[in-house]
Amino acid sequence: MCLAVPARVIRIDGDIAEVDFGGTVRQANVSLVEAKIGEYVIVHAGYAIQTLDREEAEETLEMFQQILGDTDA
Amino acid sequence: MYRFRDKDMGEKIIDKIKGLDQQLTLMHVCGTHQDTLVRYGLQGMLTDAGVDIRQGPGCPVCVTTPKEIEESILLAKSGMTILVFGDMLKVPGATSSLSQAKTEGSDVRIVYGVDDAVRLAGELDKDCVFMSIGFETTTPSSAAALKAGTPDNFHVLSCNRVIPPALKAIAEMGEIRLDGLIEPGHVSTVIGSRPYEFVSEQYGIPQVVAGFEPLDLLMGVYMLAKQKKNGESKVEIEYTRAVKRDGNPKAVEVMNSVFQVVDVKWRGFPVIPGSGLELREEYGSKNARIVFEEELSDLKGKEFPEPKGCLCGEVLRGIASSEECPLFGTGCTPDTPVGPCMVSTEGSCNIVYKYGKMS
Ligand code: SF4
(Lines give C-alpha, C1' and ligand atoms only; values in the text may rest on other atoms or scores of the structure.)
Protein backbone atom coordinates (compact mmCIF):
# COMPACT_ATOMS: atom_id res chain seq x y z
CA MET A 1 0.00 0.00 0.00
CA CYS A 2 3.02 2.25 0.28
CA LEU A 3 3.41 2.10 -3.48
CA ALA A 4 3.83 5.53 -5.01
CA VAL A 5 4.00 6.12 -8.74
CA PRO A 6 5.13 9.06 -10.87
CA ALA A 7 2.50 10.69 -13.11
CA ARG A 8 2.33 13.80 -15.30
CA VAL A 9 -0.20 16.49 -14.46
CA ILE A 10 -2.49 17.22 -17.40
CA ARG A 11 -5.24 19.35 -15.86
CA ILE A 12 -5.87 20.95 -12.51
CA ASP A 13 -9.27 21.91 -11.14
CA GLY A 14 -8.93 23.12 -7.55
CA ASP A 15 -7.59 20.25 -5.42
CA ILE A 16 -8.20 17.65 -8.06
CA ALA A 17 -5.97 17.04 -11.06
CA GLU A 18 -6.02 14.72 -14.02
CA VAL A 19 -2.74 12.86 -14.11
CA ASP A 20 -1.21 10.56 -16.70
CA PHE A 21 0.46 7.37 -15.48
CA GLY A 22 2.22 6.53 -18.76
CA GLY A 23 -1.00 6.30 -20.78
CA THR A 24 -3.58 5.69 -18.05
CA VAL A 25 -5.29 8.90 -16.99
CA ARG A 26 -6.66 9.08 -13.44
CA GLN A 27 -7.65 11.71 -10.94
CA ALA A 28 -5.37 12.66 -8.08
CA ASN A 29 -5.72 15.05 -5.19
CA VAL A 30 -3.00 17.71 -5.48
CA SER A 31 -3.81 19.70 -2.34
CA LEU A 32 -0.53 18.67 -0.66
CA VAL A 33 1.79 19.90 -3.42
CA GLU A 34 2.40 22.95 -5.58
CA ALA A 35 2.05 21.19 -8.90
CA LYS A 36 1.86 22.81 -12.30
CA ILE A 37 0.54 21.41 -15.56
CA GLY A 38 3.20 19.40 -17.36
CA GLU A 39 5.09 18.61 -14.15
CA TYR A 40 5.58 15.14 -12.74
CA VAL A 41 4.23 14.25 -9.30
CA ILE A 42 4.52 11.16 -7.11
CA VAL A 43 1.06 9.78 -6.43
CA HIS A 44 0.29 7.60 -3.43
CA ALA A 45 -3.20 6.38 -2.42
CA GLY A 46 -4.84 8.99 -4.64
CA TYR A 47 -2.76 11.95 -3.40
CA ALA A 48 0.22 13.64 -5.00
CA ILE A 49 2.79 13.74 -2.19
CA GLN A 50 5.69 15.47 -3.93
CA THR A 51 6.72 16.93 -7.28
CA LEU A 52 9.41 15.10 -9.21
CA ASP A 53 12.44 16.95 -10.47
CA ARG A 54 13.31 15.72 -13.96
CA GLU A 55 16.55 17.67 -14.13
CA GLU A 56 17.67 16.07 -10.90
CA ALA A 57 16.94 12.67 -12.41
CA GLU A 58 19.29 13.46 -15.30
CA GLU A 59 21.91 14.78 -12.92
CA THR A 60 21.68 11.65 -10.77
CA LEU A 61 22.35 9.46 -13.79
CA GLU A 62 25.25 11.67 -14.77
CA MET A 63 26.62 11.45 -11.26
CA PHE A 64 26.36 7.65 -11.40
CA GLN A 65 28.34 7.64 -14.60
CA GLN A 66 31.00 9.85 -13.16
CA ILE A 67 31.35 7.66 -10.10
CA LEU A 68 31.63 4.64 -12.30
CA GLY A 69 34.23 6.33 -14.44
CA ASP A 70 32.24 6.09 -17.65
CA THR A 71 32.88 9.66 -18.65
CA ASP A 72 35.94 11.85 -18.75
CA ALA A 73 34.53 14.11 -16.07
CA MET B 1 12.99 6.02 -15.50
CA TYR B 2 13.98 2.79 -17.26
CA ARG B 3 17.54 4.01 -17.35
CA PHE B 4 17.57 3.44 -13.61
CA ARG B 5 17.31 -0.27 -14.45
CA ASP B 6 20.40 -0.49 -16.67
CA LYS B 7 21.99 -3.88 -16.08
CA ASP B 8 25.56 -3.02 -17.10
CA MET B 9 25.59 -0.05 -14.82
CA GLY B 10 24.19 -2.20 -12.01
CA GLU B 11 27.04 -4.66 -12.42
CA LYS B 12 29.57 -1.86 -12.37
CA ILE B 13 28.17 -0.57 -9.09
CA ILE B 14 28.39 -4.07 -7.64
CA ASP B 15 32.05 -4.21 -8.70
CA LYS B 16 32.64 -0.89 -6.95
CA ILE B 17 31.05 -2.24 -3.77
CA LYS B 18 33.18 -5.40 -4.02
CA GLY B 19 36.24 -3.22 -4.52
CA LEU B 20 35.73 -1.69 -1.07
CA ASP B 21 36.13 -5.19 0.38
CA GLN B 22 33.95 -5.03 3.50
CA GLN B 23 31.41 -7.26 5.23
CA LEU B 24 28.38 -5.08 5.91
CA THR B 25 25.00 -5.53 7.53
CA LEU B 26 22.49 -2.95 6.35
CA MET B 27 18.81 -2.45 7.02
CA HIS B 28 16.11 -0.89 4.90
CA VAL B 29 12.76 0.28 6.25
CA CYS B 30 10.48 -0.01 3.26
CA GLY B 31 8.38 -2.71 1.64
CA THR B 32 9.03 -1.29 -1.81
CA HIS B 33 12.79 -1.57 -1.27
CA GLN B 34 12.29 -5.20 -0.30
CA ASP B 35 10.33 -5.72 -3.51
CA THR B 36 13.08 -4.16 -5.65
CA LEU B 37 15.76 -6.23 -3.89
CA VAL B 38 13.99 -9.52 -4.46
CA ARG B 39 12.31 -8.78 -7.81
CA TYR B 40 15.56 -7.83 -9.56
CA GLY B 41 17.66 -10.45 -7.81
CA LEU B 42 19.84 -7.81 -6.17
CA GLN B 43 19.98 -9.60 -2.85
CA GLY B 44 22.08 -12.46 -4.17
CA MET B 45 24.43 -10.10 -6.01
CA LEU B 46 24.90 -8.02 -2.88
CA THR B 47 25.50 -11.06 -0.68
CA ASP B 48 28.34 -12.02 -3.04
CA ALA B 49 29.70 -8.50 -2.60
CA GLY B 50 29.71 -8.94 1.19
CA VAL B 51 26.53 -6.97 1.89
CA ASP B 52 23.70 -8.44 3.90
CA ILE B 53 20.49 -6.37 3.75
CA ARG B 54 17.78 -6.94 6.34
CA GLN B 55 14.21 -5.70 6.23
CA GLY B 56 13.28 -3.58 9.21
CA PRO B 57 9.87 -2.40 10.40
CA GLY B 58 9.04 -0.72 7.07
CA CYS B 59 5.75 -2.42 6.27
CA PRO B 60 2.78 -0.52 7.75
CA VAL B 61 0.42 -3.49 7.57
CA CYS B 62 3.00 -5.74 9.24
CA VAL B 63 3.70 -3.47 12.21
CA THR B 64 0.00 -2.95 12.98
CA THR B 65 -0.62 -4.82 16.22
CA PRO B 66 -3.08 -7.67 16.81
CA LYS B 67 -4.92 -5.31 19.18
CA GLU B 68 -5.53 -2.72 16.44
CA ILE B 69 -6.85 -5.46 14.20
CA GLU B 70 -9.09 -6.66 17.03
CA GLU B 71 -10.42 -3.11 17.38
CA SER B 72 -11.44 -3.04 13.72
CA ILE B 73 -13.01 -6.49 13.95
CA LEU B 74 -14.98 -5.51 17.05
CA LEU B 75 -16.27 -2.36 15.36
CA ALA B 76 -17.23 -4.40 12.29
CA LYS B 77 -19.11 -6.86 14.50
CA SER B 78 -20.82 -3.95 16.28
CA GLY B 79 -22.43 -2.99 12.97
CA MET B 80 -20.14 -0.31 11.58
CA THR B 81 -18.95 -0.36 8.01
CA ILE B 82 -15.17 -0.82 8.02
CA LEU B 83 -13.28 0.80 5.17
CA VAL B 84 -9.83 -0.64 4.77
CA PHE B 85 -6.86 -1.04 2.42
CA GLY B 86 -7.00 -4.46 0.74
CA ASP B 87 -3.70 -5.56 2.28
CA MET B 88 -5.23 -5.45 5.74
CA LEU B 89 -8.17 -7.74 5.06
CA LYS B 90 -6.56 -11.12 5.59
CA VAL B 91 -4.21 -10.18 8.41
CA PRO B 92 -5.01 -12.40 11.38
CA GLY B 93 -5.81 -10.58 14.61
CA ALA B 94 -6.05 -12.57 17.84
CA THR B 95 -9.53 -14.00 17.31
CA SER B 96 -10.12 -13.75 13.56
CA SER B 97 -9.50 -11.38 10.65
CA LEU B 98 -11.52 -8.69 8.87
CA SER B 99 -11.99 -11.02 5.93
CA GLN B 100 -13.45 -13.65 8.27
CA ALA B 101 -15.72 -11.04 9.84
CA LYS B 102 -16.88 -10.13 6.34
CA THR B 103 -17.65 -13.77 5.56
CA GLU B 104 -19.68 -13.89 8.75
CA GLY B 105 -21.80 -10.97 7.58
CA SER B 106 -20.00 -7.82 8.74
CA ASP B 107 -19.75 -4.92 6.32
CA VAL B 108 -16.07 -4.62 5.41
CA ARG B 109 -15.09 -2.81 2.22
CA ILE B 110 -11.80 -2.31 0.42
CA VAL B 111 -10.77 1.24 -0.48
CA TYR B 112 -7.79 2.54 -2.46
CA GLY B 113 -7.32 5.71 -0.51
CA VAL B 114 -8.98 7.98 1.99
CA ASP B 115 -10.95 9.93 -0.64
CA ASP B 116 -12.50 6.67 -1.75
CA ALA B 117 -13.47 5.97 1.88
CA VAL B 118 -14.99 9.43 2.34
CA ARG B 119 -16.98 9.07 -0.87
CA LEU B 120 -18.35 5.68 0.21
CA ALA B 121 -19.32 7.04 3.62
CA GLY B 122 -21.21 9.81 1.84
CA GLU B 123 -23.25 7.21 0.02
CA LEU B 124 -24.05 5.14 3.10
CA ASP B 125 -26.56 5.80 5.81
CA LYS B 126 -24.61 4.25 8.70
CA ASP B 127 -21.47 4.76 10.76
CA CYS B 128 -18.30 4.14 8.79
CA VAL B 129 -14.81 3.65 10.19
CA PHE B 130 -11.74 4.11 8.00
CA MET B 131 -8.81 2.07 9.30
CA SER B 132 -6.07 4.58 8.64
CA ILE B 133 -2.75 2.76 8.42
CA GLY B 134 0.56 3.92 7.00
CA PHE B 135 3.63 6.01 7.66
CA GLU B 136 4.34 9.61 6.71
CA THR B 137 3.69 8.70 3.06
CA THR B 138 0.03 7.97 3.72
CA THR B 139 -0.90 10.01 6.79
CA PRO B 140 -0.95 13.40 5.01
CA SER B 141 -3.77 12.16 2.78
CA SER B 142 -5.89 11.14 5.79
CA ALA B 143 -5.15 14.52 7.35
CA ALA B 144 -5.99 16.46 4.19
CA ALA B 145 -9.31 14.65 3.85
CA LEU B 146 -10.28 15.37 7.46
CA LYS B 147 -9.24 18.98 7.08
CA ALA B 148 -11.30 19.38 3.92
CA GLY B 149 -14.38 18.07 5.77
CA THR B 150 -16.01 14.64 5.84
CA PRO B 151 -19.58 13.38 6.33
CA ASP B 152 -20.80 13.08 9.97
CA ASN B 153 -20.85 9.28 9.74
CA PHE B 154 -17.16 9.11 8.72
CA HIS B 155 -14.69 8.12 11.46
CA VAL B 156 -11.04 7.23 11.62
CA LEU B 157 -9.32 4.44 13.54
CA SER B 158 -5.78 5.75 13.46
CA CYS B 159 -3.07 3.11 13.23
CA ASN B 160 -0.66 5.60 11.66
CA ARG B 161 2.97 5.58 12.69
CA VAL B 162 6.12 7.61 12.10
CA ILE B 163 9.48 6.15 11.10
CA PRO B 164 12.28 8.04 12.92
CA PRO B 165 11.43 6.85 16.49
CA ALA B 166 11.45 3.26 15.21
CA LEU B 167 15.00 3.76 13.93
CA LYS B 168 15.98 5.00 17.35
CA ALA B 169 14.35 1.94 18.94
CA ILE B 170 16.29 -0.40 16.65
CA ALA B 171 19.56 1.40 17.35
CA GLU B 172 18.95 1.29 21.11
CA MET B 173 17.80 -2.32 21.25
CA GLY B 174 21.18 -3.23 19.77
CA GLU B 175 20.09 -6.71 18.65
CA ILE B 176 21.60 -6.26 15.24
CA ARG B 177 24.91 -4.80 14.13
CA LEU B 178 23.99 -1.95 11.81
CA ASP B 179 26.60 -0.67 9.39
CA GLY B 180 24.08 1.51 7.63
CA LEU B 181 20.42 2.32 7.09
CA ILE B 182 18.70 2.70 3.73
CA GLU B 183 15.95 5.18 4.45
CA PRO B 184 12.55 4.92 2.76
CA GLY B 185 12.29 7.11 -0.31
CA HIS B 186 8.58 7.85 -0.19
CA VAL B 187 8.34 8.56 3.52
CA SER B 188 11.26 10.91 2.92
CA THR B 189 9.55 12.78 0.07
CA VAL B 190 7.26 14.04 2.83
CA ILE B 191 9.51 14.42 5.91
CA GLY B 192 12.80 15.06 4.12
CA SER B 193 16.14 13.75 5.35
CA ARG B 194 16.57 16.07 8.34
CA PRO B 195 14.58 13.89 10.82
CA TYR B 196 17.13 11.07 10.35
CA GLU B 197 20.17 13.17 11.18
CA PHE B 198 20.11 12.38 14.90
CA VAL B 199 20.55 8.68 14.14
CA SER B 200 23.90 9.32 12.45
CA GLU B 201 24.95 11.84 15.08
CA GLN B 202 23.95 9.87 18.19
CA TYR B 203 24.53 6.30 17.08
CA GLY B 204 27.20 6.74 14.40
CA ILE B 205 25.15 4.95 11.76
CA PRO B 206 25.61 5.97 8.09
CA GLN B 207 22.33 6.60 6.25
CA VAL B 208 21.25 7.05 2.65
CA VAL B 209 17.77 7.95 1.41
CA ALA B 210 17.35 5.83 -1.71
CA GLY B 211 14.84 5.58 -4.53
CA PHE B 212 13.15 2.42 -5.75
CA GLU B 213 14.73 1.51 -9.06
CA PRO B 214 17.49 -1.13 -8.97
CA LEU B 215 20.24 1.43 -9.67
CA ASP B 216 18.91 3.69 -6.90
CA LEU B 217 19.22 0.91 -4.38
CA LEU B 218 22.61 -0.31 -5.57
CA MET B 219 23.98 3.22 -5.56
CA GLY B 220 22.51 3.74 -2.09
CA VAL B 221 24.38 0.65 -0.89
CA TYR B 222 27.59 1.89 -2.51
CA MET B 223 27.23 5.29 -0.83
CA LEU B 224 26.80 3.57 2.55
CA ALA B 225 29.77 1.29 1.90
CA LYS B 226 31.86 4.33 1.09
CA GLN B 227 30.83 6.16 4.24
CA LYS B 228 31.73 3.08 6.25
CA LYS B 229 35.10 2.77 4.51
CA ASN B 230 35.86 6.43 5.22
CA GLY B 231 34.73 6.16 8.84
CA GLU B 232 31.89 8.65 8.27
CA SER B 233 28.31 8.68 9.50
CA LYS B 234 25.98 11.16 7.88
CA VAL B 235 22.71 11.27 5.95
CA GLU B 236 23.06 11.36 2.18
CA ILE B 237 20.28 11.56 -0.38
CA GLU B 238 20.55 9.39 -3.47
CA TYR B 239 16.88 10.00 -4.45
CA THR B 240 17.42 13.69 -5.12
CA ARG B 241 14.76 13.80 -7.83
CA ALA B 242 12.08 13.44 -5.16
CA VAL B 243 13.63 14.09 -1.75
CA LYS B 244 14.80 17.41 -0.32
CA ARG B 245 16.35 17.87 3.09
CA ASP B 246 13.14 19.55 4.28
CA GLY B 247 10.76 17.24 2.43
CA ASN B 248 7.33 18.59 1.56
CA PRO B 249 6.61 21.18 4.28
CA LYS B 250 3.02 21.61 3.12
CA ALA B 251 2.24 17.93 3.64
CA VAL B 252 4.02 17.89 7.01
CA GLU B 253 2.03 20.90 8.17
CA VAL B 254 -1.30 19.36 7.18
CA MET B 255 -0.33 16.12 8.93
CA ASN B 256 0.71 17.89 12.12
CA SER B 257 -2.41 20.03 12.22
CA VAL B 258 -4.68 16.98 12.34
CA PHE B 259 -2.56 14.33 14.09
CA GLN B 260 -0.51 14.41 17.26
CA VAL B 261 2.30 12.14 18.31
CA VAL B 262 1.56 9.39 20.87
CA ASP B 263 3.42 6.40 22.31
CA VAL B 264 2.44 3.21 20.59
CA LYS B 265 3.40 -0.45 20.36
CA TRP B 266 4.58 -1.91 17.05
CA ARG B 267 4.32 -5.58 16.21
CA GLY B 268 7.53 -7.24 17.33
CA PHE B 269 8.51 -4.19 19.38
CA PRO B 270 7.63 -2.84 22.79
CA VAL B 271 5.90 0.56 23.05
CA ILE B 272 8.03 3.05 21.10
CA PRO B 273 7.81 6.57 22.53
CA GLY B 274 6.43 9.18 20.14
CA SER B 275 6.05 6.72 17.26
CA GLY B 276 2.28 6.72 16.80
CA LEU B 277 -0.21 9.25 15.51
CA GLU B 278 -3.64 9.91 16.98
CA LEU B 279 -6.21 12.52 15.95
CA ARG B 280 -5.91 15.83 17.77
CA GLU B 281 -8.61 16.78 20.26
CA GLU B 282 -10.32 19.08 17.76
CA TYR B 283 -11.04 15.99 15.69
CA GLY B 284 -12.53 14.04 18.63
CA SER B 285 -15.85 13.61 16.81
CA LYS B 286 -13.92 11.85 14.02
CA ASN B 287 -11.90 9.60 16.33
CA ALA B 288 -13.41 6.09 16.32
CA ARG B 289 -11.67 5.30 19.64
CA ILE B 290 -13.57 8.17 21.32
CA VAL B 291 -16.90 7.97 19.49
CA PHE B 292 -17.14 4.19 19.91
CA GLU B 293 -15.44 3.97 23.30
CA GLU B 294 -18.24 1.83 24.68
CA GLU B 295 -18.12 -0.66 21.82
CA LEU B 296 -14.35 -0.92 22.26
CA SER B 297 -14.38 -1.06 26.07
CA ASP B 298 -13.78 -4.85 26.13
CA LEU B 299 -10.34 -4.30 24.63
CA LYS B 300 -9.26 -1.63 27.06
CA GLY B 301 -5.85 -2.30 28.56
CA LYS B 302 -5.54 -5.61 26.72
CA GLU B 303 -2.64 -6.69 24.56
CA PHE B 304 -2.66 -9.80 22.41
CA PRO B 305 0.15 -12.21 21.69
CA GLU B 306 1.45 -12.60 18.17
CA PRO B 307 0.43 -15.75 16.27
CA LYS B 308 2.10 -18.89 17.59
CA GLY B 309 5.27 -19.86 15.77
CA CYS B 310 5.27 -16.72 13.59
CA LEU B 311 8.62 -14.93 13.37
CA CYS B 312 7.19 -11.66 11.96
CA GLY B 313 8.43 -9.78 15.01
CA GLU B 314 12.00 -11.03 14.48
CA VAL B 315 11.73 -10.35 10.72
CA LEU B 316 10.61 -6.77 11.43
CA ARG B 317 13.53 -6.25 13.80
CA GLY B 318 15.93 -7.56 11.17
CA ILE B 319 17.18 -10.49 13.23
CA ALA B 320 15.52 -13.26 11.20
CA SER B 321 14.85 -13.77 7.51
CA SER B 322 11.54 -15.07 6.20
CA GLU B 323 13.09 -18.36 5.10
CA GLU B 324 14.29 -18.96 8.64
CA CYS B 325 10.70 -19.22 9.84
CA PRO B 326 9.77 -22.91 10.15
CA LEU B 327 6.25 -22.11 8.91
CA PHE B 328 7.42 -20.31 5.75
CA GLY B 329 5.85 -21.89 2.66
CA THR B 330 4.50 -24.85 4.63
CA GLY B 331 2.11 -23.82 7.41
CA CYS B 332 2.11 -20.24 6.15
CA THR B 333 1.43 -19.17 2.56
CA PRO B 334 -0.39 -16.16 1.04
CA ASP B 335 -3.57 -18.27 0.91
CA THR B 336 -3.22 -19.48 4.48
CA PRO B 337 -1.24 -16.69 6.19
CA VAL B 338 -0.22 -17.02 9.81
CA GLY B 339 1.24 -13.54 10.17
CA PRO B 340 0.92 -10.18 8.40
CA CYS B 341 4.35 -10.44 6.75
CA MET B 342 2.86 -13.15 4.50
CA VAL B 343 -0.28 -11.10 3.72
CA SER B 344 0.96 -7.66 2.82
CA THR B 345 2.48 -7.09 -0.61
CA GLU B 346 5.13 -5.17 1.34
CA GLY B 347 5.76 -7.96 3.81
CA SER B 348 9.07 -9.76 3.50
CA CYS B 349 7.51 -13.25 3.66
CA ASN B 350 4.98 -12.41 0.93
CA ILE B 351 7.65 -10.95 -1.35
CA VAL B 352 10.13 -13.78 -0.87
CA TYR B 353 7.36 -16.37 -1.38
CA LYS B 354 5.98 -14.66 -4.50
CA TYR B 355 9.27 -14.28 -6.35
CA GLY B 356 10.51 -17.66 -5.14
CA LYS B 357 7.45 -19.21 -6.79
CA MET B 358 8.03 -17.33 -10.03
CA SER B 359 11.65 -18.29 -10.52
S1 SF4 C 1 6.36 -17.12 7.18
FE2 SF4 C 1 4.35 -16.68 8.11
S3 SF4 C 1 4.52 -17.40 10.18
FE4 SF4 C 1 6.60 -17.17 9.41
S5 SF4 C 1 7.24 -15.11 9.93
FE6 SF4 C 1 6.36 -15.01 7.90
S7 SF4 C 1 4.23 -14.46 8.26
FE8 SF4 C 1 5.01 -15.20 10.23
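Structure report, in brief. Model, not experiment: these values are computed from the prediction. (Residues numbered from 1 in each chain as written. Chains lettered and ligands numbered in written order. Predicted model: local features only at pLDDT ≥ 70, side-chain atom pairs only at ≥ 80, totals over all residues. Heavy atoms only, no water.)

Quick notes on the sheet that holds strand S2 (residues 51–55) of chain B
One key point about sheets: their strands pair by backbone hydrogen bonds, in either a parallel or an antiparallel sense.
Residue and element names in this part refer to chain B.
Next up, step 1: Strand order across the open sheet formed by five strands is S2-S1-S7-S8-S9, with parallel pairing between neighbours. Edge positions in the open sheet fall to S2 and strand S9 (235–237), since each of these has one partner strand only. The mean inter-strand angle of the sheet, taken between neighbouring strand axes irrespective of direction, is 25 degrees.
Next up, step 2: Sheet analysis places strand S1 (residues 24–28) next to strand S7 (residues 180–184), joined by three bridges and oriented parallel. Considered in S7, the bridge of Met 27 is made with Leu 181.
Next up, step 3: Strands in contact with helix H12 (residues 214–229) are S1, S2, S7, strand S8 (207–210) and S9; relative to S8, the strand with the most contacts, it is inclined by about 170 degrees. (Pairing = 2+ DSSP bridges. Helix = DSSP H or I, 4+ residues; strand = E, 2+ residues; numbered from the N terminus. Axes fitted to C-alpha atoms, helices over the stretch in contact; angles between N-to-C directions. Contact = heavy atoms within 4.5 Å.)

Comments concerning a negative patch on the surface
All names here are of chain B.
Next up, step 1: On the surface, Asp 6, Asp 8, Glu 11 and Asp 15 cluster together into a negatively charged patch.
Next up, step 2: Here Asp 15 is to be found in helix H1 (residues 7–19).
Next up, step 3: Residue Asp 15 is classed as partly exposed on the basis of its relative accessible area, which comes to 48%. (Patch = residues over 30% accessible without salt bridge, like charges linked within 9 Å, V, L, I, M, F, W, Y side chains within 5 Å. Areas by Shrake-Rupley, 256 points an atom, 1.4 Å probe, with all protein chains shown as cover. Salt bridge = Lys/Arg side-chain N within 4 Å of Asp/Glu carboxyl O. Lys, Arg positive; Asp, Glu negative; His and termini not counted. Charge placed at Lys NZ, Arg CZ, Asp CG, Glu CD. Buried < 20%, exposed > 50% of the residue type's maximum accessible area, 1.4 Å probe, protein only.)

Structural notes on the nonpolar core
The tendency in soluble globular proteins is for nonpolar side chains to be buried side by side.
All names here are of chain B.
Next up, step 1: Residues Leu 98 and Phe 154 are the most contacted members of the largest nonpolar core, which totals 98 residues.
Next up, step 2: When near neighbours in sequence (up to four residues on either side) are disregarded, Leu 98 contacts Ser 72, Ile 73, Ala 76, Ile 82, Val 84, Leu 89, Val 108 and Met 131.
Next up, step 3: The next biggest cluster of nonpolar side chains, apart from the first, holds 30 residues, and it includes Phe 4, Leu 217, Met 219 and Met 223. (Core = buried A, V, L, I, M, F, W, Y, C linked by side-chain atoms within 4.5 Å.)

Quick notes on H12 of chain B
Next up, step 1: Over its 16 residues, H12 of chain B extends 23 Å from the first C-alpha to the last, a length consistent with the 22 Å expected when each residue adds 1.5 Å.
Next up, step 2: Positioned one or two residues after H12 of chain B, Gly 231 of chain B has a phi angle of 70 degrees, which is positive. (Expected span 1.5 Å × (residues − 1).)

Looking at the pairing of strand S10 (residues 259–265) of chain B
Residue and element names in this part refer to chain B.
Next up, step 1: Where S10 meets strand S11 (residues 271–279), six bridges bridge the pair, whose relative direction is antiparallel. Counted as the bridge partner of Val 261 is Leu 277 from S11.
Next up, step 2: In sequence, S10 turns back onto S11 through a hairpin of five residues, with Gly 268 there showing a positive phi of about 85 degrees.

Digging into the packing of helix H8 (residues 139–148) of chain B against helix H13 (residues 249–258) of chain B
Residues and elements named next belong to chain B.
Next up, step 1: Running from N to C, H8 and H13 cross one another at 65 degrees; their axes reach a closest spacing of 8 Å. H8 and H13 meet at a crossing whose hand is left-handed. Residue-level contacts link Thr 139, Pro 140, Ala 143, Ala 144, Leu 146 and Lys 147 of H8 to Ala 251, Val 254, Met 255, Ser 257 and Val 258 of H13.
Next up, step 2: Its residues assigned to classes, the contact of H8 with H13 comprises eight nonpolar, two polar and one charged. (Left-handed = near helix turned anticlockwise from the far one by under 90°. Nonpolar A, V, L, I, M, F, W, Y, C, P; charged D, E, K, R; others polar.)

With respect to unusual backbone geometry
Next up, step 1: Even without being a glycine, Ala 45 of chain A presents a positive backbone phi close to 50 degrees.
Next up, step 2: Here Ala 45 of chain A shows up in the loop between strand S4 (40–44) and strand S5 (47–52).
Next up, step 3: The buried category is assigned to Ala 45 of chain A, whose relative accessible area is 16%.
Next up, step 4: Positive phi, close to 50 degrees, is recorded for Asp 21 of chain B, a residue that is not glycine.
Next up, step 5: Residue placement: Asp 21 of chain B occurs in the loop between H1 and S1.
Next up, step 6: On the basis of relative accessible area, Asp 21 of chain B is assigned to the exposed category, the value being 67%.

Side note on the environment of Lys 228 of chain B
Residues and elements named next belong to chain B.
Next up, step 1: Among the secondary structure elements, Lys 228 is positioned in helix H12.
Next up, step 2: Among the residues examined, Lys 228 registers a relative accessible area of 32% and is labelled partly exposed.
Next up, step 3: Between the C-alpha atom of Lys 228 and that of Leu 20, which follows or precedes it by 208 residues, the distance is 9.6 Å.
Next up, step 4: Those residues within four positions of Lys 228 in sequence are excluded, and the remaining contacts are Gln 22, Leu 24, Asp 179 and Pro 206.

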